[in-house]
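Commentary on secondary and tertiary structure
One-letter residues, chain by chain:
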Amino acid sequence: MDTKWLEDFVSLAETRSFSRSAQLRHVTQSAFSRRIQSLELWAGTDLIDRSSYPTTLTPAGKKLHAKALEMLQSLQAAKSEMKEDHDPKSDNHPA
């Protein structure tokens, strides 16, 4: 799984629009839709109810949305911590 899939999914969950999310993610709508489909294949279930407009999350999609937010926040925190650990101006390193 690619973290971009999670970022795309979170965007879609928030905008409830494939076209708007594709614009925000700077990809074509068809590419965006393929990435969401790839995430659904990976998850083994539908995450989006496409029968309604605006789109809504399925129960599995709601669960994944919460987990995706946690995972993306954790990844960002880890990246920030690693950057701080290697920053020569940081207080974490002796002079």
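Use the structure listed above.
First, a word on scope: everything that follows refers to the structure included in this document. (Residues numbered from 1 in each chain as written. Predicted model: local features only at pLDDT ≥ 70, side-chain atom pairs only at ≥ 80, totals over all residues. Heavy atoms only, no water.)

Quick look at the pattern of salt bridges
Using the criterion set out here, one finds four salt bridges in the structure. Across the pair Arg25 and Glu7 runs a salt bridge, and its minimum N-O distance is 3.0 Å. Within this pair, whereas Arg25 is found in the loop between α2 (18-24) and α3 (29-43), its partner Glu7 is found in helix α1 (residues 3-15), the two being separated by 18 residues in sequence. Note on Arg25: relative accessible area 23%, which makes it partly exposed. Classification of Glu7 as partly exposed rests on a relative accessible area of 31%. Across the pair Arg50 and Glu40 runs a salt bridge whose closest N-O atoms are separated by 2.8 Å. One end of the pair, Arg50, is in the loop between β1 (48-49) and β2 (56-57); the other, Glu40, is in helix α3, and 10 residues separate them in sequence. With a relative accessible area of 39%, Arg50 lands in the partly exposed category. Here the residues in one salt-bridge network are Glu7, Asp8, Arg25 and Arg35, joined through shared partners. (Salt bridge = Lys/Arg side-chain N within 4 Å of Asp/Glu carboxyl O. Helix = DSSP H or I, 4+ residues; strand = E, 2+ residues; numbered from the N terminus. Buried < 20%, exposed > 50% of the residue type's maximum accessible area, 1.4 Å probe, protein only.)

Here's the deal with the packing of aromatic side chains
All told, the structure shown has one aromatic pair when counted by the stated rule. Residues Phe18 and Phe32 carry aromatic rings whose centres are separated by 6.0 Å and whose planes lie at 85 degrees to one another, so their mutual orientation is edge-to-face. With a gap of 14 residues between them, Phe18 in helix α2 and Phe32 in helix α3 connect regions that are remote in the sequence. Residue Phe18 is classed as buried on the basis of its relative accessible area of 12%. Exposure remark for Phe32: the relative accessible area of 0% places this residue in the buried category. (Phe/Tyr/Trp six-rings, centres within 6.5 Å; stacked < 30°, edge-to-face > 60°.)

What to know about the nonpolar core
The biggest cluster of nonpolar side chains holds 17 residues, and the ones touching the most others in it are Phe9, Ile36, Leu39 and Ile48. A total of six residues in this core trace back to one element, the largest contributor, which is α1. Sequence-distant contacts of Phe9, defined by excluding residues within four places in its chain, comprise Ile36, Leu39, Leu47, Ile48, Leu57, Gly61, Leu64 and His65. (Core = buried A, V, L, I, M, F, W, Y, C linked by side-chain atoms within 4.5 Å. Contact = heavy atoms within 4.5 Å.)

Concerning the side chain of Thr58
Inspection of the secondary structure puts Thr58 in the loop between β2 and α4 (59-85). For Thr58, a relative accessible area of 14% corresponds to the buried category. Setting aside its immediate chain neighbours within four residues, Thr58 contacts Asp46, Leu47, Ile48 and Asp49.

Some thoughts on the packing of α1 against α3
α3 packs onto α1 with a crossing angle of 110 degrees between their chain directions and a minimal axis gap of 9 Å. In this view, α1 runs roughly perpendicular relative to α3, as classed from their interaxial angle. Facing Lys4, Trp5, Leu6, Asp8, Phe9 and Leu12 of α1, the residues of α3 in contact are Phe32, Arg35, Ile36, Ser38, Leu39 and Trp42. Partitioning the contact of α1 with α3 into residue classes produces eight nonpolar, one polar and three charged. (Axes fitted to C-alpha atoms, helices over the stretch in contact; angles between N-to-C directions. Parallel < 35°, antiparallel > 145°, perpendicular 65-115°, else oblique. Nonpolar A, V, L, I, M, F, W, Y, C, P; charged D, E, K, R; others polar.)

By themselves, these observations are geometric and do not establish any function.
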